[in-house]
Amino acid sequence: MVRKSFSDLGKQEALRQLFEGSSFEPFGASAHKVFLEGVDFNLVYFPLKHLGYKAVTAVTGELYAQLRHPAGLSVVLGVSAKLDYGQIQELWGGISAAAEEHGYKDVTLDMKPSRNGLCISVSAEGNRLKLTEVRRPRPQSKDLLCVTGRLGAAYLGMRVLERELERFDGGESDRKEMEQYKMMVGAYLKPELDAGLLSKLEEAEIIPSAGCLIGNGLADAVKTIARSTGLGAKVYADKIPFEGNSFELGRKLDLDPVSAAMNGGDDFQLLFAIPILKLEKFRRDFQTFDIIGHLALPEAGTVLVTPEGVELPLRAQGWAVPEDETDE
């Protein structure tokens, strides 16, 4: 039996294979996320209010990708002994602010003790309009792939914070760099989504044929859409939107911003496939979106097209295995 590794499969393919042959559906009308201290966030530099807001944004984005309006939100906190009531109150402040912003009507909270640091489990449910169900088009080759915001910024912002933490631990600090790249730091600490986006799409009668939240990098999201539609997809590297100084920061960090966009995480932007016949109206009414590619015939696969026209197959991991746990 050939041994499979997560680095070969990728997170989404691993999940698909685990559900293969069962009667369960891996994805439904709800969304669920778990955030673990030391894995998904570092409380040394992560404000608790931002953390709560981000957790709700993550599950809400999953609902928006399914064209569902938020309805119910359930939060369970695993609280470690190092946190006091005031800190949990601050965390809840971010959670409730995001819940109110996105229109949740039913919100519940539970708490349990945790021995391994703070844990945040968030589940959300949403409803899709019946008219959207009826009018949703079938995905087709040439449907446009569009994103709601700039990509790679969250991963670059996280790297800035980690770099500053290392400097601080070494007795140094460079607050000027933090200020210079505050947009990217903000993209990581407090990602935001337009709460009125679905209503705007519905009013414009532009219904995406497919959608996905970009939480584990653009490559992962594109492959997810390709898998769900049975089609291929092409993404053009020179069409990907970046923060203005991403490439300057990339040189400092010895990191390609395109790689950060394709394989980084926590951007929490939306990727939609829009019918090409809606192109003119879409460009006029949704100018904040960026068109970065299109669906293609299945035999095209899922590829990143370089400015020189070279097509590179997408390899989306969406999973990070600690180095000391990998095989030599």
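You'll find the structure just up there.
Residues numbered from 1 in each chain as written. Predicted model: local features only at pLDDT ≥ 70, side-chain atom pairs only at ≥ 80, totals over all residues. Heavy atoms only, no water.

**Comments concerning helix α8 (residues 182-189)**
Thought 1: For α8, every residue scored as buried is listed here: M184, V185, A187, Y188 and L189.
Thought 2: Against the buried residues of α8 lie α3 (48-65), α6 (153-169) and α11 (246-253). (Buried < 20%, exposed > 50% of the residue type's maximum accessible area, 1.4 Å probe, protein only. Helix = DSSP H or I, 4+ residues; strand = E, 2+ residues; numbered from the N terminus. Contact = heavy atoms within 4.5 Å.)

**A closer look at the sheet that holds strand β6 (residues 210-214)**
Note on sheets: strands pair through backbone hydrogen bonds, and any given pair is parallel or antiparallel.
Thought 1: Pairing is mixed across the open sheet formed by seven strands, whose spatial order is β6-β8-β5-β9-β7-β10-β11. On the outer flanks of this sheet lie β6 and β11 (311-313), each paired with one strand and no other. Mean inter-strand twist for the sheet, computed between neighbouring axes without regard to direction, equals 25°.
Thought 2: Looking at chain direction, β6 and strand β8 (residues 269-274) are connected through five bridges and run antiparallel. By the bridge assignment, A210 is partnered in β8 with A273.
Thought 3: Most of the contacts of α3 go to β6, to which it runs at about 165°, and overall it touches β6 and β8. (Pairing = 2+ DSSP bridges. Axes fitted to C-alpha atoms, helices over the stretch in contact; angles between N-to-C directions.)

**A closer look at the packing of α3 against helix α4 (residues 85-101)**
Thought 1: Closest axis-to-axis distance for the α3/α4 pair is 7 Å, and the angle between their directions is 40°. Relative to α4, α3 is oriented so that their crossing is right-handed. Note on element contacts: α4 touches α3 through Q87, E90, L91, G93, G94, I95, A98, A99 and E101, opposite L48, K49, L51, G52, Y53 and V56. (Left-handed = near helix turned anticlockwise from the far one by under 90°.)

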